[in-house]
Amino acid sequence: SSCGAPQGALLQTNKKKPFLGMAAPLGYVPGLGRGATGFTTRSDIGPARDANDPVDDRHAPPGQRTVGDKMKKNQEDDEEDLNDTNYDEFNGYAGSLFSSGPYEKDDEEADAIYAALDKRMDERRKERRELREKDEIEKYRMERPKIQQQFSDLKRKLSGMSDEEWLSIPEVGDARNKRQRNPRYEKLTPVPDSFFSKHLTTGDKHTTVDPLQGLNLPGGLESPYPGGMTPGLMTPGTGELDMRKIGQARNTLMDMRLSQVSDSVSGQTVVDPKGYLTDLNSMIPTHGGDISDIKKARLLLKSVRETNPHHPPAWIASARLEEVTGKLQVARNLIMKGTEMCPKSEDVWLEAARLQPGDTAKAVVAQAVRHLPGSVRIYIRAAELETDVRAKKRVLRKGEMFVPFQSYNGANQFLLRPSHTTLPSLWLALARLETYENARRVLNKARENIPTDRHIWITAAKLEEANGNTQMVEKIVDRAITSLGANGVEINREQWIQDAEECDKAGSVATCQAVIRAVIGIGIEEEDCKHTWMEDAESCVSHGALECARAIYAHALQMFPSKKSVWLRAAYFEKNHGTRESLEALLQRAVAHCPKAEVLWLMGAKSKWLAEDVPAARSILALAFQANPNSEEIWLAAVKLESENNEYERARRLLAKARSSAPTARVFMKSVKLEWVLGNIEAAHELCTEALKHYEDFPKLWMMRGQIEEQSEHNEKAREAYNQGLKKCPHSMSLWLLLSRLEERVGQLTRARSILEKSRLKNPQSPDLWLESVRLEFRAGLKNIANTLMAKALQECPNSGILWAEAVFLEARPQRKTKSVDALKKCEHDPHVLLAVAKLFWSERKITKAREWFLRTVKIEPDLGDAWALFYKFEMQHGTEEQQEEVRKRCENAEPRHGELWCAESKHVLYWQKKIGEILTQVASKIKNTF
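A short tour of the structure in this document, coming up. Nothing here was measured: the structure is a model prediction, and the numbers come from that model.

**As for the packing of aromatic side chains**
Tallied over the entire structure, the rule returns nine aromatic pairs. Between Trp842 and Phe874 the ring centres are 5.5 Å apart and the planes differ by 85 degrees, which places this aromatic pair in the edge-to-face class. A residue pair is termed long-range when its members are at least 10 positions apart, and Trp842 in helix H45 (residues 831-843) and Phe874 in helix H47 (residues 865-878) qualify at 32 residues. Residue class for Trp842 comes out buried when judged on its relative accessible area of 0%. Accessibility expressed as a relative area gives 0% for Phe874, which makes it buried. When the ring of Phe854 is compared with that of Phe871, the centres are 5.4 Å apart and the planes differ by 10 degrees; the resulting orientation is stacked. Pair noted here: Phe854 is in helix H46 (residues 847-860) and Phe871 is in helix H47, with a separation of 17 residues, a long-range link. The residues Phe854 and Phe871 share a single accessibility class, namely buried. Through pairs of rings, three or more aromatic residues link up here, namely Trp842, Phe854, Phe871 and Phe874. If you follow Arg760 out to its NZ or CZ, it ends over the ring of Trp770, 4.3 Å from the centre. If you follow Arg856 out to its NZ or CZ, it ends over the ring of Trp853, 4.2 Å from the centre.

In structure tokens:
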């Protein structure tokens, strides 16, 4: 029975199914009901399909199929896909939840309203979005430039590549070796007529030359010589071949063919037989002498050249003889040999330039100029070879520098040529060679020939100024503007200002100022005048044209006499680049026009004080009081003037008047400071207490009170003063730092640490507090904690220069360079980072680089006293006395007021009367090279 079961199953399977052999229902796809998908080939579809057949889109995306019961049901239901993956928290489902419902007129109206709102909102954000997209595209292009942009500099260099260099570049992808790339071409040598004549006489029938022919073979055997063994078997009729007769026969045959081409009607030929036959002969120039005479002349000139090789006429005559006979290359070779033998002969060089083609002639003239830099004819020939007018000018300007004054006649003759009267540089060069009267005539003639060139007018103005006629300069410049405008020349103010700068550098001050006054207002709107003129003045200063800048400021002050900012800029210009007298004269005019500008009064008083003219400074401040009564700045300036000159009682009286008439926090602070530095601690304490009653939110008063207590060694009172101040001024960094340092000084390290943590909580992202925390741990010997704090500080303040500068020197020496690179990436223009890099180079004994970075630091931030002190210390160790004195003078002119090391000395009560130079020396002496 066990064997019967499979047999029964086999019988059952052999029964024929009723649907076998029947046609499949319309649209039936095997396996689609159970979810199986297949592919359809061309044989399944057939050659064509009836239009009424259902669409077979089994490969359509899910949800769009139209075959199968399941797909039809989905199509009929058209239900929305409400799966969780299709849900968005902000937008909801991807489609509309009510798409299956009817779309009525109110739905259409609502959609139109929403579309209008979306369009309006999009327009509001359009400009901002476009700017953002533009910035993103620019940033992307900067980070990932196109290959075309990366190779732009190399493409520009291709302009200077020669043809030989270009042709020597191998083809891309040519992987063949050199022998395959450069195949040796087959060389074909024409067989002489004597070869055919010889073999015709001997009856030889060989078509190739046997290399063994004519050689003696070993063993006495000779090569069989054709005709030698059979003397009677020669070609009949062979004898001496007359090649001349063959040529005559060829000419006769050609004559016959040409006569056939002749026109039978008129007797004229279409082709000229004589010209056709003599075409090659026509290439040889005709000459009067016979060939034998030419040979004699050639031999004669050769003997002359060999006898006296340094005789220029021999080389010139030889070259011209070869040129006449048609041997131009031989002539060029001869004359170039002549230039080698006679390098100082002007005629030989000119002849060589005449015989050579264009570019080669320029090279020949360039060699001639090197050997004969004073030759006018060579410079004229060089100018004639140039086709561009600018190139002609360049050649002639170079000639002006080398041609001596004795060459004036040649230059004059050259200028009088019609083709050269339109070159302004030639007229100006001629004017420089002339005396004053003749130069005026030359320039007048030049203006007639070239009425559109401004340089002629400017040169005329400079000529008059050089000869003392300064009253004519203004007239000439004004006449130039009028004349050029009448001739249709556009007055370009930038070009005229450049010309004025050149006049300034050449020493023509009156011409420079006249040009500036004439063109400074051309082409500028009235509302843009002030801004544009200030930019022009700064540009002139940067180019070293100080008189131009002074003229621009003078014109601006004339147009805007009541503008305080213009007077200030002019005053700062005179302070930096002028004299004390010019500054004081300008300030006198300034306070007359702007009496309410306190800073102008103070600058005038300070200038007098620096000149040790104290009474004049007092009188200026008195006038300032009249114009600005109860002005805090003027009160304090008067106090400083008296205290610096040891007039302490006057200073006290002035401060007392100020406290009664114009009481301010700064006036009280200066009063306390005066008593403190003079040693009157009790009076200072009383004044400080009185000031705090009125201005308890002024942190400097609390600082001074605490420091006075510290000086008296009353640490508890000092701590109390700082704490009270922090309650009133919790955002004062200096108060937090003073309290922390007080606790550290008395040995309370934990309390100092907690104070700094509390300060950082109340003042987040404060680099000064983070820096003090790091230094506190470092001074305590906890370098690991200091490094951890520095990492946190850089995370919170990633763009702080003082933190990065400190982080560089927290690293070990091998890692400092890497850290400095990171610092420069984050804070490229921060003076503290630049100073740290300079110190780094200093520690590595790279003196030149260190000096460059010190200079860069003090240029970016001249108010940073620490940079000046370190720079001065550096020059004390590695510089000369001149360099040290230069740093000292620049520091005194900059008058720095900030810096950790600098303020510790300049604000000390014992050094309150020291000058800038003394403070610089003292700070530099206290710096130690511990880095």
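**Notes on the packing of helix H29 (residues 564-577) against helix H31 (residues 598-610)**
Running from amino to carboxyl end, H29 crosses H31 at an angle of 20 degrees, the nearest separation of the two axes being 10 Å. In terms of their interaxial angle, H29 and H31 are classed as roughly parallel. As H29 packs across H31, the resulting crossing turns out to be left-handed. Contacts between H29 and H31 involve Lys564, Trp567, Leu568, Ala571 and Tyr572 from the first element and Val599, Leu600 and Met603 from the second. A per-class count over the contact of H29 with H31 returns seven nonpolar, no polar and one charged.

**Concerning the nonpolar core**
Core analysis: the biggest nonpolar cluster contains 80 residues, and Trp496, Ile516, Trp533 and Leu600 have the highest contact counts within it. Considering every element that reaches this core, the biggest residue donor is helix H28 (residues 546-559), with seven residues. Among residues more than four places away in sequence, those in contact with Trp496 are Arg454, Ile458, Ala480, Ile481, Leu484, Ile491, Val515 and Val519. Counting residues in each nonpolar core, the second largest holds 34 residues, with Leu687, Ile708, Trp736 and Trp912 among its members.

**Quick notes on the packing of helix H37 (residues 699-711) against helix H38 (residues 715-728)**
At a minimum axis separation of 8 Å, H37 and H38 run at an interaxial angle of 170 degrees. Here H38 runs roughly antiparallel to H37, going by the angle between their axes. Taken together, the residues of H38 that come into contact with H37 (itself represented by Trp702, Met703, Arg705, Gly706, Gln707, Glu709 and Glu710) are Lys717, Ala718, Ala721, Tyr722, Gln724, Gly725 and Lys728. The residue inventory of the contact of H37 with H38, partitioned by class, reads five nonpolar, four polar and five charged.

**A closer look at helix H17 (residues 358-371)**
Taking 1.5 Å as the rise per residue, H17 with 14 residues should run 20 Å; its terminal C-alpha atoms sit 20 Å apart, in good agreement. By the burial criterion, the buried members of H17 are Ala361, Val364, Val365, Ala368 and Val369. Down the axis of H17, the smallest arc covering the buried residues is 145 degrees, so these residues share one side. Along H17, the residues that are exposed and aim more than 90 degrees away from the buried face are Asp359 and Arg370. On its buried side, H17 packs onto helix H15 (328-341), helix H16 (346-355) and helix H18 (376-385).

Cut-offs used in this document
Residues numbered from 1 in each chain as written. Predicted model: local features only at pLDDT ≥ 70, side-chain atom pairs only at ≥ 80, totals over all residues. Heavy atoms only, no water. Phe/Tyr/Trp six-rings, centres within 6.5 Å; stacked < 30°, edge-to-face > 60°. Helix = DSSP H or I, 4+ residues; strand = E, 2+ residues; numbered from the N terminus. Buried < 20%, exposed > 50% of the residue type's maximum accessible area, 1.4 Å probe, protein only. Lys NZ or Arg CZ within 6 Å of the ring centre and 35° of its normal. Axes fitted to C-alpha atoms, helices over the stretch in contact; angles between N-to-C directions. Parallel < 35°, antiparallel > 145°, perpendicular 65-115°, else oblique. Left-handed = near helix turned anticlockwise from the far one by under 90°. Contact = heavy atoms within 4.5 Å. Nonpolar A, V, L, I, M, F, W, Y, C, P; charged D, E, K, R; others polar. Core = buried A, V, L, I, M, F, W, Y, C linked by side-chain atoms within 4.5 Å. Expected span 1.5 Å × (residues − 1). Arc of directions from axis to C-beta.

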